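# Inside the fold
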Amino acid sequence: QATGAAAGGARPDPDRSREYLESFPLDTLGMVGTLYIGESMYGLVQTADGLIHRVVPGNYMGQNHGKVGSITNDEVQLSEFIADGVGGWLVREASIALEGS
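This text gives an overview of the structure that appears in the document. (Residues numbered from 1 in each chain as written. Predicted model: local features only at pLDDT ≥ 70, side-chain atom pairs only at ≥ 80, totals over all residues. Heavy atoms only, no water.)

### Focus on the overall build of the protein chain
For the record, the criterion: Here a strand is any run of E in DSSP of at least two residues, a helix any run of H or I of at least four, and the numbering for each starts at the N terminus. We call a residue buried when its accessible area falls under 20% of the maximum for its residue type, exposed when it is over 50%, and partly exposed in between, using a 1.4 Å probe and counting protein chains only. In this analysis, two residues are considered to be in contact whenever any of their non-hydrogen atoms come within 4.5 Å of each other. Charge assignment: positive for Lys and Arg, negative for Asp and Glu; neither His nor the chain ends contribute. Charged side chains are reduced to one point each, which is NZ for Lys, CZ for Arg, CG for Asp and CD for Glu.
Counting its regular elements, the protein chain contains zero helices and seven strands. What you see in the protein chain, going N to C, is helices and strands ordered as β-β-β-β-β-β-β. With the C-alpha coordinates aligned to their principal axes, the bounding extent of the protein chain is approximately 50 × 30 × 25 Å. Looking at the protein chain as a whole, 34% of its 101 residues are labelled buried. Looking at the protein chain alone, contacts between residues at least 24 apart form 39% of all its contacts between residues at least 6 apart. Measuring between centres, the 6 positive side-chain charges of the protein chain sit 7 Å from its 13 negative side-chain charges.

As structure tokens, this is what we get:
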């Protein structure tokens, strides 16, 4: 019986170039606000060293292949891939809430 990746399940792309915010554990990142440039809305995410980075849907962050799905005024929502321990992957929804909210 095939499971996970062997059954064609969702899996991270091993050939995708890693983005800067993927070097940080998700729980060390904090949302500090949003920014509009024209019609585009960016989430502002702060790393533990105090630097602030802009993210948009499609960006990756955290150490579990977390892909940003949507950004609201008070959270960045993403989907992460978690190894299931038997060669496959599980998709887990996660979010980073606006600090202080």
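Having seen it, we continue.
### Some points on the pairing of strand β2 (residues 40–46)
Our working definition: Any two strands between which DSSP finds at least two bridges are classified as paired.
Burial analysis of β2 places five of its seven residues in the buried class, the great majority of the element. With seven bridges connecting them, strand β1 (residues 30–37) and β2 associate as antiparallel partners. Counterpart to Ile37 in the pairing with β2 is Ser40. Sheet topology note: the β2/strand β3 (residues 52–55) ladder contains four bridges and is antiparallel.

### Some words on the packing of aromatic side chains
Operational definition: The rule is short: rings of Phe, Tyr and Trp, with Trp giving its six-membered ring, pair when the centres are within 6.5 Å, and they are stacked under 30 degrees, edge-to-face over 60, tilted in between.
With the rule as written, the count across this model stands at one aromatic pair. Here Tyr20 and Phe24 contribute two aromatic rings whose centre-to-centre distance is 5.4 Å and whose plane-to-plane angle is 70°, an arrangement assigned as edge-to-face. Note on Tyr20: relative accessible area 46%, which makes it partly exposed. The exposure class of Phe24 is buried, given its relative accessible area of 15%.

### Description of the sheet that holds strand β7 (residues 89–97)
Pairing in this open sheet of four strands is antiparallel, and the strands run β4-β5-β6-β7 from one edge to the other. Here the strands that pair on one side only, and so sit at the sheet edges, are β4 (60–61) and β7.

### A few points about the nonpolar core
So the rule is basically this: By nonpolar core we mean a set of buried residues, namely Ala, Val, Leu, Ile, Met, Phe, Trp, Tyr and Cys, connected to one another through side-chain atoms within 4.5 Å.
Leu26, Leu29, Val55, Met61 and Val76 are the most contacted members of the largest nonpolar core, which has 15 residues in total. Mapped by element, the contributors of at least two residues to this core are β2, β5 (66–71), β6 (75–83) and β7. Sequence-distant contacts of Leu29, that is, excluding residues within four places in its chain, are made with Leu21, Phe24, Val45, Gln46, Thr47, Met61, Gly62 and Ile96.

### Describing the sheet that holds β2
Basically, it comes down to this: Interaxial angles span 0 to 180 degrees and are taken between N-to-C directions of axes, which are lines fitted to C-alpha atoms, for helices over the stretch in contact.
The sheet built from three strands is open, its strands ordered β1-β2-β3 with antiparallel pairing. Of all strands in the sheet, those bounded by a partner on one side alone are β1 and β3. Between one strand axis and the next, the sheet turns through 30° on average, direction left out of account.

### Quick word on the environment of Gly30
Among the secondary structure elements, Gly30 is positioned in strand β1. Take Gly30: its relative accessible area is 4%, and that puts it in the buried class. Here the alpha-carbon distance between Gly30 and Ile52, two residues 22 residues apart in the chain, equals 9.3 Å. If we ignore the near neighbours within four places in the chain, the residues touching Gly30 are Leu44, Val45, Gln46, Ile96 and Glu99.

Read these as layout, nothing more, since geometry by itself doesn't imply function.
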